Amino acid sequence: MDLKQPKQIKSALISVFDKNGLMPILEELKRLDIKIISTGGTYNYIKKQGFDVEKVENITDYPSIFGGRVKTLHPKVFGGILYRRDNDDDKNEAKKYQIDSVDLVVVDLYPFSETVKEGKSAEEIIEKIDIGGISLIRAAAKNFKDVVVIPSKNQYAFLLNILSKQNGKTKIIERKIMASQAFSISSSYDSDIFNYIANSDKDKLKINFGASNQLRYGENPHQTAFFYGDLEKAFTQYHGKQISYNNLLDIDSSLKLIKDFDKNTFAIFKHLNPCGLASRKNPVDAWKDALAGDPVSAFGGIIVTKGTIHSKVADEINKLFFEVILASGYSANALEILKKKKNRIILQINDYNFPLEDIKTALFGTLVQDCDTNITKKSKLNKVTTTKPTEQQISDLLFANRIVKHVKSNAIVLVKNNQLIGAGMGQPNRIDALKQAINKAQNFGFDTKGAVMASDAFFPFYDTVQTAHESGINAVIQPGGSIRDKESIDYCNKNNVAMVFTGVRHFKH
């Protein structure tokens, strides 16, 4: 067999859950006089549309049995897919057992993961484990030398091009590409089933993030990079250049942060850290105060808000050079304003659930942990000092604590009137993080007197509290838990500083 020669599709087996998009394919199959084989609901659909179609049951001499669990699992079906056209023994056996070849297999699997997400009963979920479909996909993909496999409705456009532009003739490279897609889908599907049945069994892990997308480059231009997964799940892109590796990291961090705040909040991210953040009743004020927190770092950063951006806010934002903006929505006028910069990436945040687990590679393995979704509430604060925080201070302390868990450790956050005025991050010790935060706030004209401080972990010594107090900070929120907690509490009591413990550490490495 000459693999370089295109192969003509003469017969097609179709078994799909979702019938949308099937009509143009059926019309092309009819035009090319390609025999169609099908079963169950797919057969009924094709027949109803007026196309000639042969029942699988007529080929196998077996009805669909066990409530439809067994339809295509038969040697005459899988033999027609798997026999090797260039193998004399296979050809003789096919002739002996009257097995006709199947050149094209079109499958769209039962929606297993969607059924799980819908919260259906265990019985309904188990019935959405596709057996025949996944077997057809694997068989056709294995024999890609002879067979074209279309493993989901997402590949219909590829098939339509083959049928309409190439009159049903396929090249080996095209069949191999589809085989690769098929095994990717099969692997992902099996991983979803495994993770559902294994449930919370942390001793086992199956990961498949779906198709890969090559990025422009990695963290640096000399590094090749890919994204595995579905970008459209998190957001819809309206404008701008291809999203980069570094963009994606910042986008991920910014989406996780903004989830913890209300709609009247703007945040600006740079290198995985928030450099500006403010909540205000008026979105224009929220933007201006977020920018004021660090207008230098904001240059070329990522902007995020839960709210809808209108033209007044867009006019203000447009004055800054930035890479990416994310919002829950945009008015038509705002989009027109923001699109004035050709490469600016404009994204709309979709309504979706964040993963519950955080996954990282390390050494020759994978680290998995629960995501840090904790948000400390007012009722959970442990007021450990004789000086108690005022209502305004409590509001700022909780605000600061929500920010600090999204800042790289060691992390210190300074907040005043629901505005981030200074942050210290990624420092090897906590006192340096505080000094960095104070310096940043003062450099941008903020008076730290009356501000509050949040720390992502406890203070090993009272020097952090002392330095904060000396700069005018009079309320502190921290997890507590140090063997020297009393030293920090004593200092606060002597100097009329309010301090509250949360009991929850927020390291972010």
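Details of the structure are given in the entry above.
The present account deals with the structure reproduced in this document. (Residues numbered from 1 in each chain as written. Predicted model: local features only at pLDDT ≥ 70, side-chain atom pairs only at ≥ 80, totals over all residues. Heavy atoms only, no water.)

1. Some points on the packing of helix H4 (residues 75-82) against helix H8 (residues 132-142)
Look at H4 against H8: their axes get within 8 Å of each other, and the N-to-C directions meet at 30 degrees. Comparing the axis directions of H4 and H8 gives the class roughly parallel. Here Val 77, Phe 78, Ile 81 and Leu 82 of H4 lie close against H8, whose contacting residues are Gly 132, Ser 135, Leu 136, Ala 139, Ala 140 and Lys 142. Grouping the constituent residues of the contact of H4 with H8 by class yields seven nonpolar, two polar and one charged. (Axes fitted to C-alpha atoms, helices over the stretch in contact; angles between N-to-C directions. Helix = DSSP H or I, 4+ residues; strand = E, 2+ residues; numbered from the N terminus. Parallel < 35°, antiparallel > 145°, perpendicular 65-115°, else oblique. Contact = heavy atoms within 4.5 Å. Nonpolar A, V, L, I, M, F, W, Y, C, P; charged D, E, K, R; others polar.)

2. Description of H8
Residue pairs spaced three or four apart in an α-helix point in one direction, given the helix's 3.6 residues per turn. H8 sits mainly inside the fold: eight of its eleven residues count as buried. What H8 keeps buried is the set Gly 132, Gly 133, Ile 134, Leu 136, Ile 137, Ala 139, Ala 140 and Ala 141. Next to the buried residues of H8 lie strand S2 (11-16), H4, strand S5 (104-108), strand S6 (148-150) and helix H10 (172-198). (Buried < 20%, exposed > 50% of the residue type's maximum accessible area, 1.4 Å probe, protein only.)

3. Brief notes about unusual backbone geometry
For the peptide bond that leads from Ser 409 to Asn 410, omega is -10 degrees, which places it in the cis range. Residue position: Asn 410 is located in the loop between helix H15 (391-404) and strand S21 (412-415). Even without being a glycine, Leu 363 presents a positive backbone phi close to 50 degrees. Its place among the elements puts Leu 363 in the loop between strand S18 (357-362) and strand S19 (365-370). Given the relative accessible area of 86%, Leu 363 is considered exposed. Despite not being glycine, Asn 418 shows a phi value in the positive range, around 55 degrees. Among the structural elements, Asn 418 can be located in the loop between S21 and strand S22 (420-424).

4. Considering the packing of aromatic side chains
Applying the stated criterion across every chain, the model contains nine aromatic pairs. Consider the rings of Phe 112 and Tyr 196, whose centres lie 5.8 Å apart with planes at 80 degrees: the pair is edge-to-face. Here Tyr 196 lies in helix H10 and Phe 112 lies in helix H6 (residues 112-117), a separation of 84 residues in the sequence. What makes Phe 112 buried here is its relative accessible area of 1%. Taking 6.3 Å as the distance between ring centres and 40 degrees as the angle between the ring planes, the aromatic pair formed by Phe 226 and Tyr 228 counts as tilted. A relative accessible area of 48% places Tyr 228 in the partly exposed class. Directly above the ring of Tyr 83 sits Arg 85, whose terminal nitrogen or CZ lies 4.5 Å from the centroid. (Phe/Tyr/Trp six-rings, centres within 6.5 Å; stacked < 30°, edge-to-face > 60°. Lys NZ or Arg CZ within 6 Å of the ring centre and 35° of its normal.)

5. Regarding the pairing of strand S15 (residues 324-327)
Covered by surrounding structure in S15 are Val 324 and Leu 326 together with Ile 325 and Ala 327, the residues of both alternating faces. Both strand S13 (residues 302-305) and S15 contribute to a ladder of three bridges, which runs parallel. Bridge pairing in S15 links Ile 302 to Val 324. The pairing of S15 with strand S17 (residues 345-349) spans four bridges and is parallel. Note on S17: the bridge partner recorded for Ile 325 is Ile 346. (Pairing = 2+ DSSP bridges.)

6. Some remarks on the side chain of Arg 430
Tracing the sequence through the fold places Arg 430 in helix H16 (residues 430-443). Within the local environment of Arg 430, its side chain forms a polar contact with the side chain of Ser 455, the two groups lying 3.0 Å apart. Reaching out from Arg 430, the side chain makes a polar contact with the backbone oxygen of Phe 458 at a distance of 3.5 Å. (Polar contact = N/O pair within 3.5 Å; in protein donor to acceptor, adjacent residues only side chain to side chain.)

7. Regarding the sheet that holds strand S20 (residues 382-383)
One key point about sheets: their strands pair by backbone hydrogen bonds, in either a parallel or an antiparallel sense. Taken in spatial order, the six strands make up an open sheet running S20-S25-S24-S23-S21-S22, and their pairing is mixed. Strands at the two margins of the open sheet, each flanked by one partner only, are S20 and S22. Looking at chain direction, S20 and strand S25 (residues 498-501) are connected through two bridges and run antiparallel. Note on S25: the bridge partner recorded for Lys 383 is Val 500. Across the face of the sheet, H15 comes into contact with S20, S21, S22, strand S23 (452-455), strand S24 (475-478) and S25 while running at roughly 35 degrees to S23. Packed on one face of the sheet, H16 meets S21, S22 and S23 and runs near 145 degrees to S22.

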